[in-house]
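# Fold and geometry: a report
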Amino acid sequence: MRTVLLAVHVDREGAPRIAADFAKVLQDAGIRVRTLETDIDALTAAGAVDLDCVPTAPGASKDCELAVVFGGDGTILRAAEVCRGTGTPLLGVNLGHVGFLAEADEEDLADVARHVVAGGLTVEERLTVDVRVFHEGEVVATNWALNEASVEKASRERMLEVVIEIDGRPVSRMGCDGVVCATPTGSTAYNFSAGGPVVWPEVSALLMVPISGHALFARPMVVSPESTLAVEVVGHSSSGILWCDGRRAAELPIGARVEVRRGTEPVRLARVHPASFADRLVRKFELPVAGWRGSAEARRTSGGR
């Protein structure tokens, strides 16, 4: 039997009810619905029935053809964790604010349901990063990220002192609030807030962006996807902390070294309709484009905007 996993931001008003109604549509079409143990009580209270329940852990989507996520980008990142190792694609329904990773909004749900029932969604793979933390020559932590791995100061009142490195060569030593090592997918997340460039998701690249860097050279850098980025915590006064997608953390004592490489396992995102990334930028960030003429073909495909 076909099975779909639902992941829900249960604390967002209305989300459990919307997800429960969506589950019924799938069940009426003969699709089994699975959900996470952290979500099932809220979905049941909202009227969902006959749900399979699995632990909220990597592998939860095993044998599912799709994971549909109701919430914002944070909920999608949580779902990416439980889908890791299974190859299950994610389809996000934005119930949050910007929701850059989401494919659809609440008003699109009927269309999304039709496409899920019919099958044949388009799936694109997004580059991830694998992360290793060294201390005194030993690997003390490993992690991964879809958006970014960020090295940040652990103490608000003290600047973090780091040396940044690319492909085994030092590039700059600086005091800063931190360093973001991002993927193209993450270029519109923390990287964007830190002043880094927006990179189209089909571009294969890694990004390194200092946060409030105090140095002659503290510029954003875009490098080969085969490069290795490294950040070493130096100095004598301030330790750091590593955050992966803002969800998973590791302490970085003075002398720690963080290495970031292209991930061995991409995240797969399902799409209902092909969409220009430029159109997504304009829509999500509400960018002003009044007066644009463009070609007749471009106006047609953009809905006449």
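First, a word on what this report is: a plain description of the structure on this page. (Residues numbered from 1 in each chain as written. Predicted model: local features only at pLDDT ≥ 70, side-chain atom pairs only at ≥ 80, totals over all residues. Heavy atoms only, no water.)

## A closer look at the overall build of the protein chain
On a plain count of helices and strands, the protein chain comes out with seven helices and 20 strands. Relative to a compact globule of 305 residues, whose C-alpha radius of gyration would be 19 Å, the protein chain shows 21 Å and is just as compact. The principal-axis extent of the C-alpha atoms belonging to the protein chain is close to 60 × 50 × 35 Å. When each of the 305 residues of the protein chain is scored for burial, the buried share is 49%. (Helix = DSSP H or I, 4+ residues; strand = E, 2+ residues; numbered from the N terminus. Rg over C-alpha atoms; globule rule 2.2 N^0.38 Å. Buried < 20%, exposed > 50% of the residue type's maximum accessible area, 1.4 Å probe, protein only.)

## A closer look at the side chain of N191
One can find N191 in helix α5 (residues 190-193). Residues contacting N191, with those up to four places away along its chain left out, are V180, A182, G186, G196, P197, L207 and V209. (Contact = heavy atoms within 4.5 Å.)

## Quick notes on helix α1 (residues 15-28)
Since the α-helix advances by 3.6 residues per turn, residues separated by three or four positions end up pointing in the same direction. Between its first and last C-alpha atoms α1 spans 20 Å; for 14 residues at 1.5 Å apiece the expected length is 20 Å, and the two agree. Listing the buried residues of α1 in full gives A15, P16, I18, A19, A20, F22, A23 and L26. In this structure, the buried residues of α1 make contact with β1 (3-8), β2 (32-36), α2 (40-45), β4 (66-71) and α4 (109-118). (Expected span 1.5 Å × (residues − 1).)

## Focus on α4
Turning to α4, its buried residues number three or more, namely L109, V112, A113 and V116. Considered in projection along α4, the buried side chains sweep an arc of 100° and stay on one side of the axis. Facing away from the buried side of α4, by more than 90 degrees, are the exposed residues R114 and A118. Where α4 is buried, its residues meet β1, α1, β4, β5 (90-94) and β6 (104-105). Downstream of α4 by one or two residues, G119 has phi in the positive range, about 80°. (Arc of directions from axis to C-beta.)

## Focus: the sheet that holds strand β19 (residues 257-262)
Spatial strand order, β9-β8-β19-β16-β11-β12: six strands in an open sheet with antiparallel pairing. Since the sheet does not close on itself, it has two edges, and those belong to β9 (138-145) and β12 (169-176), each with one partner. Ignoring strand direction, the axes of neighbouring strands in this sheet form an average angle of 20°. For strand β8 (residues 129-135) and β9, the ladder comprises seven bridges, and the chain directions are antiparallel. (Pairing = 2+ DSSP bridges. Axes fitted to C-alpha atoms, helices over the stretch in contact; angles between N-to-C directions.)

## Description of unusual backbone geometry
One non-glycine residue, D63, adopts positive backbone phi at about 70°. Among the secondary structure elements, D63 is positioned in the loop between β3 (52-54) and β4. In this structure D63 comes out as exposed when scored by relative accessible area, which is 66%. Of note in the backbone geometry, E136 takes a positive phi value of approximately 55° without being a glycine. Mapped onto the elements, E136 comes out in the loop between β8 and β9.

## Structural notes on the packing of aromatic side chains
All chains considered together, the criterion is met by five aromatic pairs. Measuring from centroid to centroid gives 5.3 Å for F100 and F285, while their planes differ by 40°, and the two rings are tilted. Here F100, found in the loop between β5 and β6, pairs with F285, found in helix α6 (residues 277-285); they are 185 residues apart in sequence, far enough to count as distant. Taking the centre distance of 4.8 Å and the plane angle of 15° together, the rings of F192 and F285 count as stacked. Here the residue F192 occupies a position in helix α5, and F285 occupies one in helix α6, the gap between them amounting to 93 residues. (Phe/Tyr/Trp six-rings, centres within 6.5 Å; stacked < 30°, edge-to-face > 60°.)

## So, the environment of A79
Mapping A79 onto the fold places it in helix α3 (residues 73-83). Here the alpha-carbon distance between A79 and V8, two residues 71 residues apart in the chain, equals 8.9 Å. When near neighbours in sequence (up to four residues on either side) are disregarded, A79 contacts A7, V69 and L90.

## Side note on the pairing of β8
Taking burial as the measure, the seven residues of β8 include five buried ones, the bulk of the element. With antiparallel pairing between neighbouring strands as the criterion, β8 and β9 make up a hairpin whose turn holds two residues, including E136 at a positive phi of roughly 55°.

## Some words on the sheet that holds strand β15 (residues 221-223)
Strand order in the open sheet formed by six strands is β15-β14-β13-β10-β17-β18, with antiparallel pairing between adjacent strands. Only two strands of the sheet have a single partner each, and these edge strands are β15 and β18 (248-252). On average, each strand axis in the sheet is inclined to that of its neighbour by 15°, with strand direction left out of account.

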